[in-house]
Amino acid sequence: MSKFIVRGGNVLAGNVKVSGAKNSVLPIIAASLLGEEGVSVIRDAPPLDDVMTINKVLESLGATVTYDREVITVNARTIASCEAPYEWVRKMRASFLVMGPLLTRTGYTRISLPGGCAIGTRPIDQHLKGFEAMGAEINLGQGFIEARSQGRLRGAKIYLDVASVGATENIMMAATLAEGTTVIENAAKEPEIVDLANYLNGMGAIVRGAGTGVIRIEGVEKLHGVEHTVIPDRIEAGTFMIAAAMTGGNVFVEGAIADHLGPIISKMEEMGVRVDIYENGVRVIADKPLKAVDVKTLPYPGFPTDMQSQMMALLLVSEGTSVVTETVFENRFMHVDQFRLMNAEIKVEGRSSIVTGGAKLSGAKVCATDLRAGAALIIAGLVADGTTEVSGTHHIDRGYVHLAEKLSGLGADIWRITEGKESAPEAGKVTVAAQEDLPLLKIQPSWA
Ligand SMILES: CC(=O)N[C@H]1[C@@H](OP(=O)(O)OP(=O)(O)OC[C@H]2O[C@@H](n3ccc(=O)[nH]c3=O)[C@H](O)[C@@H]2O)O[C@H](CO)[C@@H](O)[C@@H]1O
Ligand SMILES: C=C(OP(=O)(O)O)C(=O)O
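Predicted, not measured: the structure shown is a model, and the values here were computed from it.

1. Topic: the overall build of the protein chain
Point 1. Of the regular secondary structure elements, the protein chain holds 15 helices and 26 strands.
Point 2. Expected size for 448 residues packed as a compact globule is a radius of gyration near 22 Å; at 22 Å, the protein chain falls within 12% of this value.
Point 3. By principal-axis analysis of the C-alpha atoms, the protein chain measures approximately 65 × 45 × 40 Å.
Point 4. Within the span of the protein chain, comprising 448 residues, buried residues form 55% of the whole.
Point 5. Taking all contacts inside the protein chain whose residues are at least 6 apart in sequence as the whole, residues at least 24 apart take part in 72%.

Below is the structure:
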């Protein structure tokens, strides 16, 4: 079992580079299954556990996948199976995104029910509603879902009851090879949807309106591989921005796209953080006491639920009381109990948390209950008195590339241990995570 160990008290300064977006690369890799000709080349693919997992799903379907220095190639001409196995799908929710591509390309697919972070019930009814509207027949089995169509899927008008990111992506991919035009209404508008649409269009699809609430897809007969560079990860960028502000630091977050970070920048500015915007990134300067603000998570362009726990960490050390309302997932306050172990005062009332600012956080043994909760606890550890131990690192490895190493580069006192393997460094010494513990190297995929 491994843990992150954080000793609080260091001010972050310097430059940190953002990796490619997890939530873009996953649907893009799934979409590469649509390529009946040529090979897809996906650049800036972050070396994350989730990326390894979806590659495994593709391999299990018969695609040939290579990964070398953040470049993935996918040859999907060779797919031999339409059944995504439980072994890989259970690890991650995004594996369900292979359903749309497989169904539209082959007319049949059978997928185990997806796993992922336990932040709510996370139904998939909107995905299935879309496939059914396009003429697919859906069967729900014990722990799996089967979809089949007689001939090609048919274009349809689909109104999403919730602006689901995954449903928009799955339906958009399925529609690329359908007969006729599909219109998705109340579509999700996240930057990752736009990245996927650009990728699909590069493959020969006709997708218009991505980034707005109405997306139109004209079906085509065939798609081919394409070269594509994944957008920078706005959630990773936001996490470093908050970490910088938390410690009263001055950090340039290289690669961060300010347009994708609107609500995060606005909220940080309301709190008194200075955010300077550059073409190639944003600089965060926190040189005065921070004020409490209220935050409500919403679909894009609202405040992202994936930044809620990190923002809560920052609010804990700001002046005043704030209310954090989670409207996207019904169970995304599991980090509250962990913050309490660090001496935080937070009261949960339904979908809102009332956060008492000015906390004197103290180091504690805490557990990452999900991916972003893990990042938030590490951020809290940066300013806590003493040492914080964060277990549950497998959640963090799903979505952050070399997190300890990147924070160390900014001056944080953080390292990673695997039980029985490494002892703590001397007090005050800035350390780098042990290489063998880094996500990239921990996994030995068959194709490496
Ligand atoms: C891999 C990936 O991109 N993950 C992101 C994606 O997850 P994901 O695509 O799973 O999230 P959705 O946008 O689908 O979920 C948003 C809300 O819609 C509900 N819902 C969703 C689908 C459905 O068929 N029925 C339904 O009711 C969910 O329960 C949730 O309450 O968007 C979330 C919301 O921004 C982010 O937190 C995740 O990091
Ligand atoms: C919830 C997240 O991811 P997933 O949808 O893959 O569980 C996340 O990235 O914060």
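2. Overview of the environment of Glu146
Point 1. Here Glu146 shows up in strand β10 (residues 144-148).
Point 2. A C-alpha to C-alpha distance of 4.2 Å links Glu146 and Arg110, two positions 36 residues apart in sequence.
Point 3. Aside from chain neighbours lying at most four places away, what touches Glu146 is Arg110, Asn139 and Gly141.

3. Let's talk about the UniProt feature "binding site: UDP-N-acetyl-alpha-D-glucosamine" (unreviewed entry) in the protein chain
Point 1. UniProt annotation of "binding site: UDP-N-acetyl-alpha-D-glucosamine" (unreviewed entry) refers to Arg93, Arg122, Pro123, Ile124, Asp125, Gln126, Asp306 and Val328 when read in the numbering used here.
Point 2. Among the structural elements, Pro123 can be located in the loop between β8 (108-112) and α5 (125-133).
Point 3. Residue class for Pro123 comes out exposed when judged on the 11 C-beta atoms lying within 10 Å of it.
Point 4. Structurally, Val328 can be placed in the loop between β21 (321-325) and α11 (335-341).
Point 5. Contact partners of Val328, with chain neighbours within four places excluded, come to Thr297, Pro299 and Thr305.

4. Quick word on the site of ligand 1
Point 1. Ligand 1 sits among 21 residues. The nearest are Asn23, Gln126, Ser164, Val165 and Gly166.
Point 2. Of all the elements in the fold, those that place two or more residues in the shell around ligand 1 are α1 (22-31), α5 and α6 (165-175).
Point 3. Residues lining the shell around ligand 1 come from more than one domain, with at least three contributed by each of domain 1 (2-19 + 232-442) and domain 2 (22-229).

5. Details of the sheet that holds strand β19 (residues 281-285)
Point 1. Reading across the sheet, the four strands line up as β2-β17-β19-β18 and stay open at both edges, with mixed pairing between neighbours. Of all the strands in the sheet, the pair left with one neighbour each is β2 (13-17) and β18 (274-278). Looking at each pair of strands side by side, their axes are set apart by 15° on average, direction ignored.
Point 2. Relative to β19, strand β17 (residues 250-254) is paired through five bridges, and the arrangement is antiparallel.

6. Let's talk about the confidence of the model for the protein chain
Point 1. Residue-level pLDDT values for the protein chain average 92, and 92% of them are 70 or greater.
Point 2. Segment residues 423-448 is flagged for pLDDT under 50; beyond a separation of four residues in sequence, or across chains, it makes 41 contacts in the model.
Point 3. Interface predicted TM-score (ipTM) for the complex: 0.99; the corresponding pTM is 0.93.

7. Let's talk about the domain arrangement of the protein chain
Buried accessible area, meaning the area lost when the parts come together, often serves as the stated size of an interface.
Point 1. Segmentation of the protein chain into domains returns domain 1 (2-19 + 232-442) and domain 2 (22-229).
Point 2. In this complex, domain 1 contributes 20 residues to the contact, which on the side of domain 2 involves 16 residues.
Point 3. Among the elements of the structure, α13 (393-399) and α15 (439-442) are those that each provide at least two residues to the side of domain 1 that touches domain 2.
Point 4. Grouping the constituent residues of the side of domain 1 that touches domain 2 by class yields eight nonpolar, five polar and seven charged.

8. Some words on the environment of Ala163
Point 1. Following the sequence through the fold, Ala163 ends up in the loop between β11 (157-159) and α6.
Point 2. When the 21 C-beta atoms within 10 Å are taken as the criterion, Ala163 is described as buried.
Point 3. C-alpha separation for the pair Ala163 and Ile354, spaced 191 residues apart in sequence, amounts to 27 Å.
Point 4. In contact with Ala163, not counting residues within four places along its chain, are Asn186, Ala187, Ala188 and Pro299.

9. Points about helix α9 (residues 262-271)
Point 1. Of the positions making up α9, those classed as buried are Pro263, Ile264, Ile265, Lys267, Met268 and Met271.
Point 2. Buried residues in α9 make contact with α8 (234-246), β18, β20 (295-296) and α10 (308-316).
Point 3. Two residues or fewer after α9 comes Gly272, characterised by a positive phi angle close to 105°.

10. Structural notes on α6
Point 1. By the criterion of burial, α6 is predominantly enclosed, with eleven of the eleven residues buried.
Point 2. Of all the residues in α6, the buried ones are Val165, Gly166, Ala167, Thr168, Glu169, Asn170, Ile171, Met172, Met173, Ala174 and Ala175.

11. Here's the deal with the environment of Met134
Point 1. Counting through the fold element by element, Met134 comes out in the loop between α5 and β9 (137-140).
Point 2. In this structure Met134 comes out as buried when scored by C-beta crowding, with 26 C-beta atoms within 10 Å.
Point 3. Contacts of Met134, omitting those with residues within four sequence positions, involve Leu153, Arg154, Ala156, Ala174, Ala175, Ala178 and Thr182.

12. Digging into the packing of α8 against α10
Point 1. Interhelical geometry of α8 versus α10 gives an angle of 10° and a closest axis separation of 10 Å. The angle between α8 and α10 falls in the class roughly parallel. Within the contact between the two elements, α8 uses Gly238, Thr239, Ile242, Ala245 and Met246 and α10 uses Gln310, Met311, Ala313 and Leu314.
Point 2. Split by residue class, the contact of α8 with α10 holds six nonpolar, three polar and no charged.

13. Remarks on unusual backbone geometry
Point 1. Cis peptide bonds are those with omega within 30 degrees of zero, and the linkage from Tyr300 to Pro301 qualifies with 10°.
Point 2. Here Pro301 is to be found in the loop between β20 and α10.
Point 3. A positive phi angle, near 65°, is found at Glu70, a position not held by glycine.
Point 4. The topology assignment puts Glu70 in the loop between β5 (64-68) and β6 (71-75).

Thresholds applied
- Residues numbered from 1 in each chain as written.
- Chains lettered and ligands numbered in written order.
- Predicted model: local features only at pLDDT ≥ 70, side-chain atom pairs only at ≥ 80, totals over all residues.
- Helix = DSSP H or I, 4+ residues; strand = E, 2+ residues; numbered from the N terminus.
- Rg over C-alpha atoms; globule rule 2.2 N^0.38 Å.
- Buried ≥ 20, exposed ≤ 12 C-beta atoms within 10 Å, placed from the backbone.
- Contact = placed C-beta atoms within 7 Å.
- UniProt positions renumbered as here; feature names shortened; annotations may be inferred.
- Near = placed C-beta within 6 Å.
- Domains from an automatic or database assignment.
- Pairing = 2+ DSSP bridges.
- Axes fitted to C-alpha atoms, helices over the stretch in contact; angles between N-to-C directions.
- pLDDT = per-residue confidence, 0-100.
- Nonpolar A, V, L, I, M, F, W, Y, C, P; charged D, E, K, R; others polar.
- Parallel < 35°, antiparallel > 145°, perpendicular 65-115°, else oblique.

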